[in-house]
Structures are given as structure tokens and as C-alpha cells.
Amino acid sequence: MSTQTAVAPAHEESMFEAVLARLDAAAKLMNLSDEVALVLRNPSKQVKVSLPVMMDSGKIQVFEGYRTVHSTHLGPSKGGIRYAMDVNADEVMALAAWMSFKCAVANLPYGGAKGGIKLDPRAHSVGELERISRAYAVAMKDVFGVNKDIPAPDMGTSGREMAWILDEFNKNTGEDSPGVITGKPVAVGGSLGRDAATGRGVMVNTLAALRKMGLKPTEVTAVVQGFGNVGSHAARLLAEQGVKIVGIGDHSASYYNEKGIDIAAAIEFASKNNRNLKGFTGATEIKGSELLISKCDVLVPGALQNVITIDNAAKIQAKLIVEGANGPTTPEADPILNDKKIICVPDILANSGGVTVSYFEWVQNKAGYYWTEEEVNTKHDQKMEIAFEAVWNNMVQYKTSMRIAAYITALQKLEQGVKLKGAY
Ligand code: GLU
């Protein structure tokens, strides 16, 4: 079977190829029909725009903007918008496909999409970021829609960007539709609990996996890579459950302390230090490359993609990996982790807490009725437990890794959607 979506050349570093490799492995094991696999190997819509925006200097700069809708078989497409320098068609396509699988695993009535703008958010003023975000919203106004394609934050974006995009979308359509975008600040229709949701999902998945492994949270240590929206909440919530966090790190610095790190102090420090950990004194500074291979029971890669590779996978000491980031493990590293009997809760399950609470936000927006944080968290935890069990059961049934089991779980749902909706 050939890949018909040759937007990016199929070379070794293609992230979309990494998705297809896992899709193929799961498809083979579960005997997925070739037609369904063919449909899912081809994203349904790919949009690329050029955004000319006036910089503070008075000069115009042109930015590349993307939105890929991978599938709409289980509902309107859903997925974040990323601001990063490595944003490109191949990466967005891979991330969009992961959203389809993630939403299916989490039992959400959504397809998958992803968008992005190629820029370094740290290199722009707030004013420039606002103009770029608004230009992107106008360019994508026919792609987005409350029952069509619903964006959210991702790497490099937050509620601030969502509020700008919402405002611009509403101005251009002449309607007030808060549900067209999620991850908004609470004051403009966001949901309580959304900010911490991805980290909360990581915590719930970690606890569920530890239970299966016969370990108590109070008996284990953890290392968390990334101290942004995913990592900081994951570290805090795991610490609240009694897990000893021995290592943390972000793009600025990494730290280790075998006696345990005071996560509240680290969060407080980062909040006063331009959200950077560099300079934190509650632990010893180590090299970034040492963090993932340092001594711990649980490893949470919660920031970047492609960080667990053939170069470091064999050196990982953790018994359990919980992927807070999207795509932190390369396909070549998977068999190394499997051989070492490391349990890896894959990204499409482990970080699905964010999109799960995005779904709750969308439901609240549609109803115009808002829930308490406790209601959000309770519903989130229930959904996550169900998703975890389904994946675990498929892992046992198909005698495979949790990653391939998660793909199988997603494909079982997507297969029904593709078959029931049919083709021309
Ligand atoms: N960007 C997040 C993810 O990768 C959230 C997506 C959403 O809430 O739609 O899952």
C-alpha cells in the first residue's frame, strides 16, 4: 500500500512516517481492513497560508501557517495550534493524525486536526504575537467552526492566543461562538480544570499503571522533563499523590535531587523567573541529556518530541514511562524499551487529559452552563480510567506493547466510523 499524501518526502526523520509505522503495526495485528487503513493514511484536508504581518519595527514579515484535518469520521476535528520554529507540513500532519487516535482512545466524539505557525514565540512582542494570531484566525475562518474544526492550545500557545483567535473569528463571522476554540481563559468561556488537565491525565495514567505493576505512589520516584503546562502540573499532582519527584528540567536547565524536589518551590521559582527553571537552588544542576537517563522509577517526558531515541533508550533506568508530550519516543526506540520490559503509557493515551477537558469545555459552551472544577476533574478521571483499562486489556489480548494496544483501541473505533460513514 502506498502513502498518497506526499506533502513531505518520506525520509527517515518524517514524523508522519513514524505515525504510519505504528498504524501499520497495529493494523496488521488487529487485521484492519486495507480500505480503512488507506483512508486513515491520508489526511482529509491540508491548508497552508502565508501571513504577512507588520512587526513593531514597521517592517512586514511573512509567516507560514498550517492546519491539517486528519479525520472527521467520529465527529468534528479537534486539535491544538502550535507556535514553534520546527512547524512544517509533515509535523502538523503527524500531530493531526495523533489527535484522531487520541480522541478515539479517549472516547471523545471528535476527529483529529492540528495547526501551527512557524515562529519562535520568545522572539516576538505581545503585540506582534497578537497580530500574527489574528491574521491566522482570519486565514483559517472557513476551516474552523464549532461543529467543524475546533482548535486549542499546544506548544508555544496558551489561553491568551485562544482568546485572540476567538475574538477575531467572532468578528469575522458576526456571531459569538465560544465553542469554536477551547483552552480559553475561564473569563471568556474556558473551563475550570482545563489548564491542569494534561498534567492531571498524566497523573491518573501513572497511578493506573503503578496499580497494575503492584506499586504504590509513595514507594516510587519520578523524573519529569518539561516544566510548562504539562510538566509542572504533572509534577505537582504526582507529588500530591506521594510520588517523590527527583528530577525536573526545561529548556533552560535540568535538576536532580535524590531526596526529592519541592515542586511547589520550583513552580514558585519558575513563575518569578520568566517561566524558566535556570537558577533553581533546591537541587543539583545536571546536563539536559542526563535527565532522561537518571535514576528513577517513573519517567515523564512532558515537553519535546523525539527525545527517547536509539541513542539513549538502552540507558533509561525507569520501569514506567508516561508520555506527557506528543511523540517523545521515536519508532526505532520502541523495541529497545519493549526489550527492557519498560511499560510505556503512550502519548495518545497519557496526554489525552487536555483534549478530554477541551471536550468538556466545548460541551459547556454549547449548553451555556458551566460546571464546578470538581465536576470537571471527576468526569475527567472517570474517562481516563476507562481509556486506560481499554488499552491495557488490548495489550493483554493482543500480546503487544501499550503503544500498539492504544493504536488498536483507536483503530477499532475509527474503523467503525470509516465503514459506517462509507465513501463516494
Ligand atoms: N494540544 C493538545 C493535545 O495535543 C490539546 C488539544 C485540544 O485540546 O484540542 O492534545
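Bear in mind that the values here come from a model prediction, so they are computed numbers and not experimental data.

A. Molecular detail of the overall build of the protein. Each helix and strand counted, the protein has 14 helices and twelve strands in total. Here the C-alpha atoms of the protein give a radius of gyration of 20 Å, agreeing with the 22 Å that 2.2 N^0.38 yields for 424 residues. For the protein, the spread of C-alpha atoms along the three principal axes comes to 55 × 55 × 45 Å. Relative to its 424 residues, the protein shows a buried fraction of 58%. Long-range contacts, defined as pairs at least 24 residues apart, comprise 70% of the intrachain contacts of the protein with a sequence gap of at least 6. Positive and negative charge centroids in the protein, built from 45 and 46 side chains respectively, lie 2 Å apart.

B. The environment of Val143, seen in detail. Position of Val143 relative to the elements: it lies in the loop between helix H4 (126-139) and strand E5 (149-153). Sequence-wise, Val143 and Phe227 are 84 residues apart; in three dimensions their C-alpha atoms are separated by 32 Å. If we ignore the near neighbours within four places in the chain, the residues touching Val143 are Val47, Arg67, Lys148 and Asp149.

C. Structural context of the site of the ligand. Around the ligand there are 14 residues in total, and Lys78, Lys102, Pro153, Asp154 and Ser358 lie nearest to it. At 2.8 Å, a side-chain N or O of Lys78 approaches an oxygen atom of the ligand. At a separation of 2.7 Å, a nitrogen atom of the ligand approaches a polar side-chain atom of Asp154. Protein coverage of the free-state accessible area of the ligand, which is 290 Å², stands at 94%.

D. Layout of a nonpolar patch on the surface. Taken together, the side chains of Met54, Ile60 and Val62 make up a nonpolar region of the molecular surface, amounting to roughly 300 Å² of accessible area. Relative to the helices and strands, Met54 is located in strand E1 (residues 45-54).

E. Spotlight on the nonpolar core. Residues Phe101, Ile248, Val345 and Met402 are the most contacted members of the largest nonpolar core, which totals 73 residues. The element that contributes the greatest number of residues to this core is helix H14 (residues 402-421), accounting for ten residues.

F. Structural view of H14. Over its 20 residues, H14 extends 29 Å from the first C-alpha to the last, a length consistent with the 28 Å expected when each residue adds 1.5 Å. Burial analysis of H14 places 14 of its 20 residues in the buried class, the great majority of the element. At the C-terminal side of H14, Gly422 shows a positive phi close to 70 degrees.

G. Summary view of the packing of aromatic side chains. Tallied over the full model, the rule gives ten aromatic pairs. Ring plane angle 50 degrees and centroid distance 5.2 Å describe the contact between Phe101 and Tyr407, whose orientation is recorded as tilted. Of this pair, Phe101 sits in helix H3 (residues 89-105) while Tyr407 is found in helix H14, placing the two residues 306 residues apart along the sequence. Judged by relative accessible area, Tyr407 falls into the buried class, the value being 0%. Linked through ring pairs, Tyr110, Tyr359, Phe360, Trp362 and Trp371 together constitute an aromatic cluster.

H. Just the sheet that holds strand E11 (residues 320-322), in detail. Here we have seven strands laid out as an open sheet, ordered E9-E8-E7-E6-E10-E11-E12, and mixed in their pairing. Single-partner strands in this sheet number two, and they are strand E9 (284-286) and strand E12 (343-345). Adjacent strand axes in the sheet meet at a mean angle of 25 degrees when their direction is disregarded. The sheet contact formed by strand E8 (residues 254-256) and E9 spans three bridges and is antiparallel. When the bridges of E9 are listed, Tyr255 appears paired with Glu285.

How each quantity is defined
Residues numbered from 1 in each chain as written. Predicted model: local features only at pLDDT ≥ 70, side-chain atom pairs only at ≥ 80, totals over all residues. Heavy atoms only, no water. Helix = DSSP H or I, 4+ residues; strand = E, 2+ residues; numbered from the N terminus. Rg over C-alpha atoms; globule rule 2.2 N^0.38 Å. Buried < 20%, exposed > 50% of the residue type's maximum accessible area, 1.4 Å probe, protein only. Contact = heavy atoms within 4.5 Å. Lys, Arg positive; Asp, Glu negative; His and termini not counted. Charge placed at Lys NZ, Arg CZ, Asp CG, Glu CD. Near = heavy atom within 4 Å. Polar contact = N/O pair within 3.5 Å; in protein donor to acceptor, adjacent residues only side chain to side chain. Areas by Shrake-Rupley, 256 points an atom, 1.4 Å probe, with all protein chains shown as cover. Patch = residues over 30% accessible without salt bridge, like charges linked within 9 Å, V, L, I, M, F, W, Y side chains within 5 Å. Salt bridge = Lys/Arg side-chain N within 4 Å of Asp/Glu carboxyl O. Core = buried A, V, L, I, M, F, W, Y, C linked by side-chain atoms within 4.5 Å. Expected span 1.5 Å × (residues − 1). Phe/Tyr/Trp six-rings, centres within 6.5 Å; stacked < 30°, edge-to-face > 60°. Pairing = 2+ DSSP bridges. Axes fitted to C-alpha atoms, helices over the stretch in contact; angles between N-to-C directions.

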